[in-house]
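# Analysis of the macromolecular model
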Amino acid sequence: MRQAVVAGNWKMHGTRQLVAEFVQKFIDRQQLGAEPSQVQTVILPPVGFLAELSDGLRGTHLATGAQDLHTHSKGAFTGETAGSMIRDLGGSWVLTGHSERRQYQKETDRQIANKFVAALDADLCPILCVGENLEDREAGRAEQVVTAQLNTALQTIGIKRLAAGCVAYEPVWAIGTGQTATPDQAQQMHHSIRAALGVLDESVAQAMSILYGGSVNEKNVEAFFKRRDIDGVLIGGASLNVEQFVMIVDVVAAAVASR
Ligand code: PEP
């Protein structure tokens, strides 16, 4: 069975108080045996909070990581964070190619692929984010755009190395808008991503966890997990409230158990 993942992207939100709330909640859950081992839960805070969150969560099942990394392992790159530093801060996961970085930092597929490789070199588990914008969807070329993003990244990463991370399908029009893709739309895209991977390596395609992201919350998450190619979720807004986040984790755990 593919790894079920619930990853929370705090974006540029959060406080040390929020870190403390997450730490307390997940330590309590661990002590109560309430933390589901069949779901890999990950929090991706702003990197300034990473050490405190990672230290606090040590000994729990919760993993931490960052929202971005630099392609170089060190050097004169003011304001940037290397993969080895994310590791040093206790993180083990990292996002690459989130649509907000594609949009505001103008990250290209090639750069994103280099970041994915840099993450693997630093022993991090990278999540490759792909997704079409509204114009592409309305023009009927969503699958074409997403497959092109994936294939360009694969030219640098290679299918075997991609297998050490995950892919997240996040339609840009569904991120932070409250408007999700329907579970059918998401399933169709996940199926097409898996098919594109399968052209290169069927065993990797079958083993790869593909996450859906875009306005997921505790009410709609179950419907996504009923679709067979949806293995995880990447959550923005709803990961900023610990009670809401925990509800999502528990719904996912129940859905995975009944698969
Ligand atoms: C995200 O930031 O990756 C995301 C999916 O955000 P939201 O859940 O708020 O749409």
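Small disclaimer: the values here were computed from a predicted structure and weren't measured. (Residues numbered from 1 in each chain as written. Predicted model: local features only at pLDDT ≥ 70, side-chain atom pairs only at ≥ 80, totals over all residues. Heavy atoms only, no water.)

The immediate surroundings of the ligand are formed by 14 residues, with Lys-11, Glu-170, Gly-176, Ser-215 and Gly-236 found nearest. Taking His-98, its side chain carries an N or O atom lying 2.9 Å from an oxygen atom of the ligand. At 2.6 Å from an oxygen atom of the ligand is found a side-chain nitrogen or oxygen belonging to Glu-170. Coverage of the ligand by the protein chains reaches 96% of its 290 Å² of free accessible surface. A class-by-class count of the residues in the shell around the ligand yields four nonpolar, eight polar and two charged. (Near = heavy atom within 4 Å. Polar contact = N/O pair within 3.5 Å; in protein donor to acceptor, adjacent residues only side chain to side chain. Areas by Shrake-Rupley, 256 points an atom, 1.4 Å probe, with all protein chains shown as cover. Nonpolar A, V, L, I, M, F, W, Y, C, P; charged D, E, K, R; others polar.)

Because side chains alternate across strand 4 (residues 93-96), one face comprises the buried residues Trp-93 and Leu-95, and the other comprises Val-94 and Thr-96, equally buried. For strand 3 (residues 63-66) and strand 4, the ladder comprises two bridges, and the chain directions are parallel. Counterpart to Ala-66 in the pairing with strand 4 is Val-94. Where the polypeptide runs from strand 3 across helix 3 (residues 83-88) and back to strand 4, its parallel neighbour, the crossover connection is right-handed. One ladder, built from four bridges, connects strand 4 with strand 5 (residues 125-130); its direction is parallel. Across the sheet, residue Thr-96 finds its bridge partner in strand 5, namely Leu-128. (Buried < 20%, exposed > 50% of the residue type's maximum accessible area, 1.4 Å probe, protein only. Helix = DSSP H or I, 4+ residues; strand = E, 2+ residues; numbered from the N terminus. Pairing = 2+ DSSP bridges. Right-handed = clockwise from strand over helix to strand, strands pointing away.)

Attention now moves to the pairing of strand 5. Counting buried residues along strand 5, six of its six residues qualify, which places the element largely inside the surrounding structure. Burial of strand 5 is two-sided: the residues Cys-125, Ile-127 and Cys-129 facing one way and the residues Pro-126, Leu-128 and Val-130 facing the other way are all buried. Sheet topology places strand 5 next to strand 6 (residues 166-169); four bridges connect them, and they run parallel. Bridge pairing in strand 6 places Cys-129 opposite Ala-168.

Turning to the nonpolar core, a few remarks are in order. Within the largest apolar cluster, 61 residues are counted, with the highest numbers of intra-cluster contacts made by Val-6, Phe-22, Leu-162, Ile-193, Leu-197, Tyr-212 and Val-252. With nine residues, helix 12 (residues 242-257) is the single largest residue contributor to this core. Other than its neighbours up to four places away in sequence, Ile-193 contacts Val-130, Val-146, Leu-150, Val-167, Tyr-169 and Ile-210. The next biggest cluster of nonpolar side chains, apart from the first, holds 14 residues, and it includes Val-5, Ala-7, Cys-166 and Ala-168. (Core = buried A, V, L, I, M, F, W, Y, C linked by side-chain atoms within 4.5 Å. Contact = heavy atoms within 4.5 Å.)

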